[in-house]
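Chain by chain, the residues:
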Amino acid sequence: MEESRGEGREMRWEGAVNARHVIGDVYRMGRSEWLTGRGWRQAHRDGIRTVIDLRHPAERTRRPSDPVVGPEAWEGIEVLNRPTEDQSHEGFMEAVGPYLSHPRYYPANLEYFPDKIAEVFRALGAAEGGVVLHCSAGRDRTGLIVTLLLILAGRRDLVVPQYRAGARGINEWHRISPVKHPYERHLDDDEFREALVPRLEVLEEFADALAVEDYLRQHGLTERELASVRAKAGIGPPAS
């Protein structure tokens with residue numbers, strides 16, 4: 001994928017699925033359990049010092065097909081769990097289904113869990129070194145946070161390319177994954193393009209209507225914390 005298209009360069013960390021650069025010191029990917037021990041060390045050599053896992057705690061489990069990796073593999077990398085949602089919340093789950101799987105659900109996530117979204121950004125601003133954001137697929141929960149970050153950083157132009165790349169990346173994984181996804185399957189090129197159109201339309205509307213800075217301030221982020229997040233995105237100096 002050409003970085004000039006705004007989708008960010010693909011990261012070649014062994015085992016990583018849907019991994020790519022976003023902006024500044026921020027990266028994205030799918031499940032961290034897909035990384036091999038070598039993949040973790042490659043990420044460390046690329047400057048990654050923090051991984052922020054956006055999944056609900058119950059999702060953070062190893063699958064039989066995942067590589068066996070000991071804790072020494074991620075030595076020097078802090079792994080934080082900052083879920084974007086509470087899957088025990090009946091109203092939210094009724095609204096979005098089994099998991100956040102489409103930009104049309106982004107407004108509900110912001111409405112139901114503003115404190116959780118604020119905590120993600122607080123952790124992002126305070127993180128050491130390069131930061132990887134990830135959920136399960138690296139598409140929608142990750143896409144939600146990446147969209148907010150890009151708007152905050154003044155890079156609205158990257159929102160659609162980043163989402164497109166994340167959607168394409170996990171679709172390619174469905175083609176070769178050893179574990180069948182319970183709700184999704186690989187789409188051929190025509191199906192993928194057709195499925196992506198309404199997603200991007202909704203994403204555009206969401207991004208255009210959102211005042212990210214006001215939202216984060218309203219839910220507790222200080223000016224210093226906002227400055228730290230911008231610095232992590234490569235916008236302005238780090239907070240002193």
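This text gives an overview of the structure that appears in the document. (Residues numbered from 1 in each chain as written. Predicted model: local features only at pLDDT ≥ 70, side-chain atom pairs only at ≥ 80, totals over all residues. Heavy atoms only, no water.)

### A look at the overall build of the protein
- Helix and strand counts for the protein come out as nine helices and five strands.
- Ordered by position from N to C terminus, the α and β elements of the protein give β-β-α-β-β-α-α-α-β-α-α-α-α-α.
- Here the C-alpha radius of gyration of the protein, 17 Å, is about what a compact globule of 240 residues would show, namely 18 Å.
- Going through the 240 residues of the protein one by one, you find that 52% of them count as buried. (Helix = DSSP H or I, 4+ residues; strand = E, 2+ residues; numbered from the N terminus. Rg over C-alpha atoms; globule rule 2.2 N^0.38 Å. Buried < 20%, exposed > 50% of the residue type's maximum accessible area, 1.4 Å probe, protein only.)

### Concerning the environment of A126
- Relative to the helices and strands, A126 resides in helix α4 (residues 114–126).
- Sequence separation between A126 and K232 is 106 residues, and the spatial gap between their C-alpha atoms is 8.9 Å.

### Describing the environment of A233
- Mapped onto the elements of the fold, A233 is located in the segment after α9 (223–232).
- Using a relative accessible area of 4% as the deciding quantity, one classes A233 as buried.
- When the C-alpha positions of A233 and R38 are compared, they lie 26 Å apart, and in sequence the two are 195 residues distant.
- Once you skip the residues sitting within four places of it in the chain, A233 turns out to touch I23, G24, L149 and A153. (Contact = heavy atoms within 4.5 Å.)

### Observations regarding the environment of S65
- Mapped onto the fold, S65 is located in the loop between β3 (48–53) and β4 (78–81).
- Among the residues examined, S65 registers a relative accessible area of 40% and is labelled partly exposed.
- Here the alpha-carbon distance between S65 and G138, two residues 73 residues apart in the chain, equals 18 Å.
- Setting aside chain neighbours within four positions, we find S65 in contact with P178 and V179.

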